[in-house]
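Below, each chain spelled out in residue letters.
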Amino acid sequence: MKAGVASFMVAMTELQDVDLGDASVQLQLVTDEEIGGHNCSAYLTEQGYLGDFVICAEPTQIGIGYQSKGLLQFDIQLNGKSAHGSRPWEGDNAIIKAYEVYEKIIDLPFAKQSTDIFDGPSINLAKISGGEVYNKVPDVCTLSVDIRYLPNQDKDDILEQIKGVTDDEIAVHMSGPSVKNEIDNPYIQHLVKEIKSVTGNQEVNIFGQHGFADTRYFSRFDVPAIEFGPSGDAWHGDGEYAVVDSLDQYKDIIVDFGKTFN
């Protein structure tokens, strides 16, 4: 994201003295996207800082992420029965119960659905927290699951399906809607044209994002918002990097797109 921010800042310096006609360009720099975006993008959009088209500079290898999955994160506390570790048959292992619930979740109908751009929802067993000592059957375990659901799926329907495989309470940690742009959106097609012009490539990768970005805060106001950024890899890993040569190219695309937006 810092690479995209740097490119955007340079693009703004090049656009500030250009006559853009009726168009204007707005730069929003936010800090809390990874923890929900509630205090930045959510607040800004609620205050009316919207626009006709939004580009979120997530790293996309100069491709366009025009749709994205929704988010549903939740915890389930499973209760069992304690017993001595030498006689586990006298207890009810809550950790085993938690994993059995997870296996039922990934076998539910929503988990097997797909779209023309997504093979299926993303279901991540994020945490299993339980147990105290070696010689005791754990009687409590918390299962934490991160689901990125498809644009044509409904969060509440997914929760109802999950409630059908467990009687334990489901505590939603965080949720948010998917992004559902259409590929023939005129702004997206305009951007495709500028990408081809700057890169010299005949094809532009247009795809669906598995992750979750601040684009959702704009799409709830029916503002088309996409993810489009420079190249890089190993996101959220120790080896995360940006391809430096892509930054100038990305900046040039943003500048040309701004100049020809009308």
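Before reading on, note that the structure itself is shown above.
Attention here is on the structure that accompanies the text. (Residues numbered from 1 in each chain as written. Predicted model: local features only at pLDDT ≥ 70, side-chain atom pairs only at ≥ 80, totals over all residues. Heavy atoms only, no water.)

## Topic: the overall build of the protein chain
In step 1: Within the protein chain, the regular secondary structure consists of 7 helices and 11 strands.
In step 2: Projected onto its principal axes, the C-alpha coordinates of the protein chain cover approximately 80 × 40 × 35 Å.
In step 3: Buried residues in the protein chain amount to 44% of all 262 residues.
In step 4: By sequence separation, contacts in the protein chain at least 24 residues apart represent 78% of the contacts at least 6 residues apart.
In step 5: Carbon and sulfur atoms provide 47% of the accessible area of the protein chain, an area that totals close to 14,300 Å². (Helix = DSSP H or I, 4+ residues; strand = E, 2+ residues; numbered from the N terminus. Buried < 20%, exposed > 50% of the residue type's maximum accessible area, 1.4 Å probe, protein only. Contact = heavy atoms within 4.5 Å. Areas by Shrake-Rupley, 256 points an atom, 1.4 Å probe, with all protein chains shown as cover.)

## A word on unusual backbone geometry
Among all residues except glycine, the phi angle is most often negative; among peptide bonds, the trans geometry is most common.
In step 1: Phi at A234 takes a positive value of approximately 60°, unusual for a residue other than glycine.
In step 2: Mapping A234 onto the fold places it in the loop between β10 (232-233) and β11 (241-242).
In step 3: Judged by relative accessible area, A234 falls into the partly exposed class, the value being 30%.
In step 4: One non-glycine residue with positive phi stands out, namely H236, at about 70°.
In step 5: Here H236 shows up in the loop between β10 and β11.
In step 6: Given a relative accessible area of 67%, H236 falls into the exposed group.

## Remarks on the nonpolar core
As a rule of thumb, nonpolar side chains are buried together in soluble globular proteins.
In step 1: By size, the foremost hydrophobic cluster in this structure holds 23 residues, and its most contacted members are I55, I64, L191, I195, I226, F228 and Y250.
In step 2: Sorting the residues of this core by element identifies α1 (2-15), β2 (64-68), α5 (186-199) and α7 (244-259) as the ones contributing at least two each.
In step 3: The leading source of residues in this core is α7, at 5 residues.
In step 4: Among residues more than four places away in sequence, those in contact with I195 are I62, I64, G200, V204, F228 and I253.
In step 5: If you look at the next biggest cluster of nonpolar residues, it comprises 21 residues, including L72, F110, V145 and I170. (Core = buried A, V, L, I, M, F, W, Y, C linked by side-chain atoms within 4.5 Å.)

## Focus on the packing of α1 against α7
In step 1: Where α1 contacts α7, the two axes come as close as 9 Å, and the packing angle between them is 45°. Here α1 is positioned oblique relative to α7, judged by the angle of their axes. Handedness of the crossing formed by α1 with α7: right-handed. Mapping the contact onto sequence places A3, G4, S7, F8, V10, A11, E14 and L15 in α1 and L247, Y250, K251, I254, V255 and K259 in α7.
In step 2: Here the contact of α1 with α7 is composed, by residue class, of 9 nonpolar, 2 polar and 3 charged. (Axes fitted to C-alpha atoms, helices over the stretch in contact; angles between N-to-C directions. Parallel < 35°, antiparallel > 145°, perpendicular 65-115°, else oblique. Left-handed = near helix turned anticlockwise from the far one by under 90°. Nonpolar A, V, L, I, M, F, W, Y, C, P; charged D, E, K, R; others polar.)

## Considerations on the pattern of salt bridges
Pairing is possible between side chains of opposite charge, provided their charged atoms come close.
In step 1: Inspection of the entire model under this criterion finds 11 salt bridges.
In step 2: Here E90 makes a salt bridge to R87, at a shortest N to O gap of 2.6 Å.
In step 3: Via salt bridges that share partners, E14, K251 and D252 belong to a single interconnected network. (Salt bridge = Lys/Arg side-chain N within 4 Å of Asp/Glu carboxyl O.)

## A word on helix α3 (residues 94-105)
In step 1: The first and last C-alpha atoms of α3 sit 17 Å apart over 12 residues, in line with the 16 Å expected at 1.5 Å per residue.
In step 2: Those residues of α3 that fall on the buried side of the exposure criterion are A94, A98, V101, Y102 and I105. Projected down its long axis, α3 shows its buried positions confined to an angular sector of 100°, all on one face.
In step 3: Those residues of α3 hidden inside the fold are in contact with β3 (70-79), β4 (122-130), β5 (140-149) and α4 (155-163).
In step 4: Two or three places before I95, at the start of α3, stands the capping residue N93, its side-chain oxygen 2.9 Å from that residue's backbone nitrogen. (Expected span 1.5 Å × (residues − 1). Arc of directions from axis to C-beta. Polar contact = N/O pair within 3.5 Å; in protein donor to acceptor, adjacent residues only side chain to side chain.)

## With respect to the packing of aromatic side chains
In step 1: Applying the stated criterion to the full structure yields 7 aromatic pairs.
In step 2: Arranged with centres 5.9 Å apart and planes meeting at 65°, the rings of F8 and Y250 form a pair that is edge-to-face. Of this pair, F8 sits in helix α1 while Y250 is found in helix α7, placing the two residues 242 residues apart along the sequence. Each member of the pair, F8 as well as Y250, carries the same accessibility label: buried.
In step 3: Both rings, one in F257 and one in F261, keep their centres 5.6 Å apart while their planes meet at 80°; by these two values the pair is edge-to-face.
In step 4: Among the aromatic side chains, those forming a connected cluster through ring pairs are F53, Y187, F257 and F261. (Phe/Tyr/Trp six-rings, centres within 6.5 Å; stacked < 30°, edge-to-face > 60°.)

## Concerning the side chain of E194
In step 1: Among the secondary structure elements, E194 is positioned in helix α5.
In step 2: Notably, E194 is buried but unbridged: the nearest opposite-charge side chain belongs to K193, and the N-O separation is 5.8 Å.
In step 3: When sequence neighbours within four positions are dropped, the list of residues in contact with E194 reads I253, D256, F257 and T260. (Lys, Arg positive; Asp, Glu negative; His and termini not counted.)

## Here we look at the state of the cysteines
In step 1: Enumeration over the complete set of coordinates arrives at 0 disulfides.
In step 2: Looking at C40, it has no disulfide partner, and the nearest cysteine sulfur is the one in C56, 12 Å off.
In step 3: A relative accessible area of 15% means that C40 is categorised as buried. (Disulfide = S-S within 2.5 Å.)

## A word on the side chain of T215
In step 1: Position of T215 relative to the elements: it lies in helix α6 (residues 215-219).
In step 2: Of the residues examined, T215 reaches a relative accessible area of 2% and is grouped as buried.

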